Amino acid sequence: MDKRGKLVVISGFSGAGKGTVSKALVERYGYSLSVSATTRSPREGEEDGREYFFKTESDFLKLIDYNGFIEYARYVDHYYGTPRKYVEDELAAGHVVLLEIEVQGAMKIKDQYPDAILLFITAPSIELLKDRLVGRGTESMEIVEKRMSRAAQEAEDIDVYEYIVVNEEGKLAECIETVHAIIESETCRVSAREDFIRSLREGLAEYR
Ligand code: 5GP
């Protein structure tokens, strides 16, 4: 891969399974996964620094002032943001960096990094989405309703994405492979391999 890596934004309605897909991509293919900061409370089993950096609102606002995020957004009563340093370091090292973020953040990323790949993961139907969200049991019904209403808003913005991948029931492995194939093909674009192509040309210079 060329010196600059690739940013891949993975969004999807709450409960679509994007977290599971991202984690599997990291484990199987060694992609880097950015850990966001948030002001929401940890869910059972979540650890500070692993799922999120859990912050107080005042600490989060300070980080905004220090230009510590490449993007941040408010989502259902809380702030979420992508820490700048990790992403910039990983890109400079030439890695593929996954950002699991919502739609407003995705748009901000596309403005700053026009080469970023924007990918939307969804459940096959809205009934199934709600079943998954309720079945997960991590949120109260009030929050489930807020997240469904947020999904309705997000659906209006799906056009900003380049790819939509359906996470079919019982076919998680297929979904993971589809996302991987999309990333692979994007990193094979001629426009993404300018340094490599230059080195090929340099190697052939004496034969001109
Ligand atoms: P959850 O509370 O379910 O972990 O996340 C809620 C939403 O916030 C999800 O859509 C998730 O992708 C999004 N999110 C997580 N981290 C970030 C971030 O750093 N920036 C933005 N814009 N959204 C985020």
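Residues numbered from 1 in each chain as written. Predicted model: local features only at pLDDT ≥ 70, side-chain atom pairs only at ≥ 80, totals over all residues. Heavy atoms only, no water.

(A) Seen up close, the site of the ligand. Taken together, 16 residues lie around the ligand, and S36, R40, Y52, Y80 and E102 are the ones closest in. A distance of 2.7 Å is found between an oxygen atom of the ligand and a side-chain nitrogen or oxygen belonging to S36. Here the ligand, which alone exposes 500 Å², has 96% of that area covered by the protein. Looking at the shell around the ligand, the elements with two or more residues in it are β5 (69–75) and β6 (78–83). Looking at the shell around the ligand residue by residue, the classes come out as five nonpolar, four polar and seven charged. (Near = heavy atom within 4 Å. Polar contact = N/O pair within 3.5 Å; in protein donor to acceptor, adjacent residues only side chain to side chain. Areas by Shrake-Rupley, 256 points an atom, 1.4 Å probe, with all protein chains shown as cover. Helix = DSSP H or I, 4+ residues; strand = E, 2+ residues; numbered from the N terminus. Nonpolar A, V, L, I, M, F, W, Y, C, P; charged D, E, K, R; others polar.)

(B) Layout of the packing of helix α5 (residues 126–136) against helix α6 (residues 141–155). Packing of α5 against α6 leaves a shortest axis separation of 10 Å and a crossing angle of 150°. With respect to each other, α5 and α6 are oriented roughly antiparallel. Taken as a pair, α5 and α6 cross one another with a handedness that is right-handed. Only M141, V144, E145, R147 and M148 of α6 make contact with α5, whose side of the interface consists of I126, L129, K130, L133, V134 and R136. Considering only residue class, the contact of α5 with α6 consists of seven nonpolar, no polar and four charged. (Axes fitted to C-alpha atoms, helices over the stretch in contact; angles between N-to-C directions. Parallel < 35°, antiparallel > 145°, perpendicular 65-115°, else oblique. Left-handed = near helix turned anticlockwise from the far one by under 90°. Contact = heavy atoms within 4.5 Å.)

(C) Focus on the pattern of salt bridges. The tally for this structure, following the rule as stated, stands at 19 salt bridges. Close ionic contact of E139 with R43 constitutes a salt bridge, the shortest N to O distance being 3.0 Å. Of this pair, E139 sits in the loop between α5 and α6 while R43 is found in the loop between β3 (36–38) and β4 (52–54), placing the two residues 96 residues apart along the sequence. For the pair formed by E139 and R43, the shared burial category is buried. Between E186 and R189 there is a salt bridge, with the nearest N and O atoms lying 3.1 Å from each other. Classification of E186 by relative accessible area gives buried; the value is 9%. Looking at R189, the relative accessible area reads 43%, which means it is partly exposed. Here the salt bridges do not stand alone but share partners, grouping R40, R43, E46, R136, E139 and R147 into one network. (Salt bridge = Lys/Arg side-chain N within 4 Å of Asp/Glu carboxyl O. Buried < 20%, exposed > 50% of the residue type's maximum accessible area, 1.4 Å probe, protein only.)

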